[in-house]
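Summary of structural features
The lines below spell out each chain.
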Amino acid sequence: MPDSFIENIYYKLPYSLQNIAVSLYGLKLKKDRYSARFSDHLEFLKESEWKSREQIETYQNEKITQLIHHAYHIVPFYKKWYDEHGVNISQIKTVDDLQKLPVLTKEMVKKNQEELISNKFEKASLKKQLTSGTTGTPLTIYQTKESLNLQWAVFWRFRERFGVKYNDRQLMFGARLPISQNQQNPPYWRHDYFNNRVYLSTSHISQKTVHDIVDYLNSTYFVFFTGYPSAMVNLANLMRENDLKLLNPPKIIFSASDALLKNHKTIIRDVFGAPVTEFYGNVEFAGTMSKCKHGRFHVDYEHCHIESQKLDDSENQELILTSWGNEAMPFIRYRIGDYGIPLHSECECGRKSDTFSGIDGRTEDYVVTPDGRKLIGMNQVFEYAENALEIQLFQKEKEEIIFRIVPGKNFGEKDKESLIREFRRRAGDEMTIRFDLVDSIEKSSSGKFRAVISEIDDSQV
Ligand SMILES: [Zn+2]
């Protein structure tokens with residue numbers, strides 16, 4: 001049955017029945033994510049994060065040897081590919097040996113999706129996940145139930161670092177649409193009773209609804225907020241403009257799925273009145289990092305190893321991910337298109353796993369200059385327009401860049417001047433800059449906000 005058909009039935013249900021439908025869907029998710037092995041994994045992870053550097057190295061080397069062996073013998077793609085490259089798998093015994101292996105790209109995954117599934121599993125027994133396609137290369141990922149349990153245990157360990165307990169009450173700023181776009185009146189939220197959470201319809205956050213949403217938030221309490229920072233910032237900006245306050249702030253706010261810009265973090269923290277932290281992950285489950293209270297990203301070394309490759313003089317390095325967390329579809333030396341800044345000193349929290357400071361600048365989110373340069377991390381210029389609610393850089397021609405802006409009340413010439421100055425500082429003077437003031441900025445089909453969109457074909461560059 002097509003999803004849209006179910007969705008149409010769901011949208012016609014009354015509020016109370018929609019809550020039951022959302023909860024039943026939540027129950028299904030709960031069964032998949034938190035089945036038998038979840039608690040074992042969580043217990044293991046809470047202990048293993050305090051292991052010594054030597055213990056971590058021994059553990060990772062062992063896991064990598066097993067992974068390569070497994071991949072070569074029961075994942076058809078790796079056997080063929082490594083043979084073509086003349087790889088001798090008996091030589092891969094340590095984390096450092098990984099560099100002897102070729103790098104896996106998204107295009108290769110896309111072309112070889114079936115061959116990347118391990119022979120050990122029936123495809124029908126695996127969980128199917130889709131990546132969002134924000135990169136223009138949507139992928140289908142197959143995952144074992146065991147792996148899904150581990151993934152959620154990694155996620156809850158991260159949350160527990162900030163004093164949250166499993167199943168504490170949460171407000172979710174998600175991409176799923178729990179409410180029809182035609183709905184004009186509150187409630188703009190739906191309850192998932194089985195997972196103790198409320199979905200806020202992020203696409204309904206607007207000048208018209210902000211009072212109702214804040215009244216609701218002030219009538220109840222959530223231990224934590226989680227979800228897309230772009231949606232949180234949208235609500236926070238509207239609250240600020242309307243002089244609205246949260247009377248009972250959550251303990252902590254978890255930003256996930258989107259990169260968290262520095263200025264967004266400040267706005268969310270100040271308006272919602274709670275600290276903000278973040279998690280780095282991906283649908284592929286090819287490598288994850290969880291922040292600690294000291295603000296560093298720690299590699300979740302129990303299921304992955306993350307290499308960083310220097311590209312140029314900037315401190316941002318390209319991340320290459322390897323994970324043994326999903327036996328059904330292992331990712332080995334996977335170039336995901338994310339960047340990070342590796343740190344080489346020990347973290348004050350006492351954990352000895354590898355650390356990174358910032359993660360940002362997806363390779364796909366570049367602006368192409370007339371002389372063919374690809375500029376990443378251009379969304380950093382957004383930090384200089386304080387009075388814009390949302391900004392997106394859009395490029396159709398090499399000679400022109402468009403700032404799509406949802407202006408706040410005080411947006412004016414000064415903001416434009418700062419944007420022009422910061423853009424020019426990074427890109428030079430060759431391009432014309434145009435401003436397009438809009439009521440809202442379209443999200444991608446999965447609901448993800450893209451800070452930079454360039455339609456310049458790679459091959460022309
Ligand atoms: Zn730390």
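Residues numbered from 1 in each chain as written. Predicted model: local features only at pLDDT ≥ 70, side-chain atom pairs only at ≥ 80, totals over all residues. Heavy atoms only, no water.

Observations regarding the pattern of salt bridges
Which entries qualify depends on this criterion: A side-chain nitrogen of Lys or Arg and a carboxyl oxygen of Asp or Glu constitute a salt bridge if their distance falls within 4 Å. Helix and strand labels come from DSSP, where a helix needs a run of H or I of at least four residues and a strand needs a run of E of at least two; each type is numbered from the N terminus. Relative accessibility decides the category of a residue: with a 1.4 Å probe and only protein chains considered, values under 20% of the type maximum give buried, values over 50% give exposed, and everything between is partly exposed.
If you walk through the whole model with that rule in mind, you get 31 salt bridges. Of the charged contacts, one joins Lys127 and Asp32 as a salt bridge, the two residues approaching to 3.3 Å between their closest N and O atoms. A residue pair is termed long-range when its members are at least 10 positions apart, and Lys127 in strand 1 (residues 127-130) and Asp32 in helix 2 (residues 15-33) qualify at 95 residues. Judged by its relative accessible area of 25%, Lys127 falls in the partly exposed class. Residue Asp32 is classed as buried on the basis of its relative accessible area of 10%.

Here's the deal with the nonpolar core
Keep this limit in mind: By nonpolar core we mean a set of buried residues, namely Ala, Val, Leu, Ile, Met, Phe, Trp, Tyr and Cys, connected to one another through side-chain atoms within 4.5 Å. Should any heavy atoms of two residues lie within 4.5 Å, those residues are counted as being in contact.
Membership of the largest hydrophobic core comes to 42 residues, with the highest contact counts inside it found for Tyr78, Tyr82 and Met289. Contributing elements (two or more residues each) for this core: helix 4 (53-74), helix 5 (76-84), strand 2 (140-143), strand 10 (297-299), strand 11 (304-309), strand 12 (317-323), strand 13 (331-343) and strand 14 (355-360). Sorting elements by how many residues they give to this core places helix 4 first, with 5 residues. In this structure, Tyr78 is in contact with Ala71, Tyr72, Asp83, Leu104, Leu116, Pro330, Phe331 and Ile332, ignoring residues within four places of it in sequence. If you look at the next biggest cluster of nonpolar residues, it comprises 33 residues, including Tyr216, Ala231, Val233 and Leu238.

Let's talk about the pairing of strand 13
Test applied: Strand pairing is assigned whenever DSSP detects at least two bridges linking the two strands.
Buried residues dominate strand 13, accounting for 11 of its 13 residues. The pairing of strand 12 with strand 13 spans 5 bridges and is antiparallel. The residue bridging Ser323 from the neighbouring strand is Phe331, located in strand 13.

A word on the packing of helix 3 (residues 38-48) against helix 7 (residues 145-160)
What counts, and what does not: Note on geometry: axes are C-alpha line fits, over the in-contact stretch for helices, and angles between N-to-C directions span 0 to 180 degrees. Throughout this description, any angle smaller than 35 degrees is read as roughly parallel, any larger than 145 degrees as roughly antiparallel, any in the 65 to 115 degree range as roughly perpendicular, and the remainder as oblique. If you view the pair so one helix is near and one far, a crossing is left-handed when the near helix is turned anticlockwise from the far one by less than a right angle, and right-handed when it is turned clockwise.
It is at 8 Å that the axes of helix 3 and helix 7 come closest, and there the two elements cross at 45 degrees. By the angle between their axes, helix 3 is oblique relative to helix 7. Helix-helix and strand crossings are classified by hand; for helix 3 and helix 7 the assignment is right-handed. Residue-level inspection shows Phe38, His41, Leu42, Leu45, Lys46 and Ser48 of helix 3 in contact with helix 7, the latter providing Glu146, Asn149, Leu150, Trp152, Ala153, Val154, Trp156, Arg157 and Glu160.

So, the coordination of the zinc ion
Think of it this way: four donors in a tetrahedron around the metal ideally sit 109.5 degrees apart, and six in an octahedron ideally sit 90 or 180 degrees apart. Quick note on the threshold: Only N, O and S atoms count as donors, using a 2.8 Å cut-off from the metal and 3.2 Å for Na, K and Ca, and because water is excluded some sites may appear unfinished. A four-donor site is classed as tetrahedral when every donor-metal-donor angle falls between 85 and 135 degrees; four donors are called square planar, and six octahedral, when trans pairs exceed 155 degrees and all remaining angles lie between 65 and 115, with any other arrangement labelled irregular.
For the zinc ion, every protein donor is listed as Cys292 (SG), His298 (NE2), Cys347 (SG) and Cys349 (SG), and the spread of their distances is 2.1 to 2.3 Å. Its 4 donor atoms give the zinc ion angles of 101 to 118 degrees at the centre, a pattern that matches the tetrahedral case. One chain supplies every donor for the zinc ion, spaced along it as C-x5-H-x48-C-x1-C. Accessibility classification places Cys347 together with Cys349 in one group, the buried group.

Thoughts on the domain arrangement of the protein chain
For clarity, the cut-off: Each domain's extent was defined by an automatic or database domain assignment.
Each assigned domain of the protein chain is listed here: domain 1 (38-156 + 281-360), domain 2 (163-274) and domain 3 (367-460). Here domain 2 and domain 3 have C-alpha centroids that lie 26 Å from each other.

Topic: the sheet that holds strand 17 (residues 388-395)
With mixed pairing, the 4 strands of this open sheet are ordered in space as 19-18-17-20. Here the strands that pair on one side only, and so sit at the sheet edges, are strand 19 (432-437) and strand 20 (452-454). For this sheet the average axis-to-axis angle between neighbouring strands, irrespective of direction, equals 20 degrees. Pairing of strand 17 with strand 20, which is carried by 3 bridges, proceeds in the parallel orientation. Pairing of Gln395 across the sheet is with Ser454, part of strand 20. Most of the contacts of helix 11 (residues 413-427) go to strand 19, to which it runs at about 140 degrees, and overall it touches strand 17, strand 18 (400-407) and strand 19.

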